[in-house]
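Summary of the model geometry
Listed below are the residues making up each chain.
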Amino acid sequence: MSIWWSLHLRREAASVPLARRLLLGTMETAGVDPDVSYELSVALTEACANAVEHGGAGADPDAGPGGPPGALSGAYRVTAYLDGETCRIEVADSGPGFPYVELPAAPSDAEHGRGMRLIEELADHVQFGNRSGRGGAVVSFDKILKWKDTPSLLMA
């Protein structure tokens, strides 16, 4: 079974729960174990919150050269893939990107940086990078899925 979706969202706080609810609904429908769904939804929330807070000052992540008029830094993109036994999520923004390749360890009492560490703890594989050419940050993470004991709606 494969499911994928992509959202183009405004950089507004209200967009974060929308992405989270869509992911949770997709996972529920597919029959993913609720604990795995919850962990991925928390990681997605952190990545989206980072895009909302830091993802501006560039071109729209999907506009490209000659993109739609007025396509500025007011958006970010979330893409989720459930393919076989893995879920992969990518959050791309149009901000300045990460200033360094390796993220420094955030102290436990730090105001910023803990969200990226949380994503690393909740996912099986994480990549923090910068978009080539157009600028912006990309956070990609994936997790091996576990399934509920009861059949999902897709298998019923």
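Refer to the structure above for everything that follows.
Residues numbered from 1 in each chain as written. Predicted model: local features only at pLDDT ≥ 70, side-chain atom pairs only at ≥ 80, totals over all residues. Heavy atoms only, no water.

A word on the overall build of the protein. The helix and strand inventory of the protein stands at 3 helices and 5 strands. Mapped in sequence order, the helices and strands of the protein form the string β-α-α-β-β-α-β-β. Out of the 156 residues in the protein, the part that is buried amounts to 44%. Counting only contacts in the protein whose residues sit at least 6 apart along the sequence, the fraction spanning at least 24 positions is 67%. Of the roughly 8,500 Å² that the protein leaves accessible, carbon and sulfur atoms contribute 55%. (Helix = DSSP H or I, 4+ residues; strand = E, 2+ residues; numbered from the N terminus. Buried < 20%, exposed > 50% of the residue type's maximum accessible area, 1.4 Å probe, protein only. Contact = heavy atoms within 4.5 Å. Areas by Shrake-Rupley, 256 points an atom, 1.4 Å probe, with all protein chains shown as cover.)

What follows deals with the pattern of salt bridges. Two side chains carrying opposite charge are able to pair once their charged atoms lie near each other. Counting across every chain of the model gives 5 salt bridges. Its salt-bridge partner being Arg-77, residue Glu-90 comes within 3.2 Å of it at the nearest N-O pair. With a gap of 13 residues between them, Glu-90 in strand E3 (residues 86–92) and Arg-77 in strand E2 (residues 75–83) connect regions that are remote in the sequence. (Salt bridge = Lys/Arg side-chain N within 4 Å of Asp/Glu carboxyl O.)

Turning to helix H3 (residues 114–122), a few remarks are in order. Along H3, the residues that are buried comprise Gly-115, Met-116, Ile-119 and Leu-122. Each buried residue of H3 sits inside an arc of 130 degrees when the element is viewed along its axis, so together they form one side. Summarising the contacts, the buried residues of H3 are in contact with helix H2 (34–54), strand E4 (125–130) and strand E5 (137–144). (Arc of directions from axis to C-beta.)

Residues Leu-40, Leu-44, Tyr-76, Ile-89, Val-91 and Phe-141 are the most contacted members of the largest nonpolar core, which totals 36 residues. Listed by contribution, the elements that provide at least two residues to this core are strand E1 (2–10), helix H1 (15–30), H2, E2, E3, H3, E4 and E5. For Ile-89, the contacting residues outside a window of four places in its chain are Leu-23, Leu-40, Leu-44, Thr-79, Ala-80, Val-139, Ser-140 and Phe-141. (Core = buried A, V, L, I, M, F, W, Y, C linked by side-chain atoms within 4.5 Å.)

Our focus in this paragraph is the sheet that holds E2. Spatial strand order, E1-E2-E3-E5-E4: 5 strands in an open sheet with antiparallel pairing. Each of the sheet's edge strands pairs with one partner strand only, and the pair in question is E1 and E4. Strand after strand, the sheet turns through a mean of 10 degrees between neighbouring axes, direction not considered. Relative to E5, E4 is paired through 6 bridges, and the arrangement is antiparallel. Bridge pairing links Gly-129 to Val-138 in E5. Contacting E2, E3 and E5, H2 runs over the sheet at an angle of about 180 degrees to E5. (Pairing = 2+ DSSP bridges. Axes fitted to C-alpha atoms, helices over the stretch in contact; angles between N-to-C directions.)

Here the focus is the environment of Val-42. For Val-42, the location among the structural elements is in helix H2. Judged by relative accessible area, which is 14%, Val-42 ranks as buried. The spacing of Val-42 and Arg-20 is 22 residues in sequence and 7.9 Å in space, taken between C-alpha atoms. Apart from residues no more than four positions distant in its own chain, Val-42 is found in contact with Arg-20, Leu-118 and Leu-122.

Because an α-helix packs 3.6 residues into every turn, residues spaced three or four apart end up facing the same way. With 21 residues, H2 should cover 30 Å at 1.5 Å per step; its first-to-last C-alpha distance of 30 Å lies within 8% of that length. A distance of 3.0 Å separates the backbone nitrogen of Asp-35 from a side-chain oxygen at the start of H2, and that oxygen is part of Asp-33. (Expected span 1.5 Å × (residues − 1). Polar contact = N/O pair within 3.5 Å; in protein donor to acceptor, adjacent residues only side chain to side chain.)

To continue, consider the packing of aromatic side chains. Taken as a whole and judged by the stated rule, the model has 2 aromatic pairs. For the pair Phe-98 and Phe-128, a centre-to-centre distance of 5.8 Å together with 75 degrees between the ring planes defines the contact as edge-to-face. You can see Phe-98 sitting in the loop between E3 and H3 and its partner Phe-128 sitting in strand E4, a full 30 residues away along the chain. Note on Phe-98: relative accessible area 13%, which makes it buried. A residue is classified by how much of its surface remains accessible, and Phe-128, at 15% relative accessible area, is buried. (Phe/Tyr/Trp six-rings, centres within 6.5 Å; stacked < 30°, edge-to-face > 60°.)

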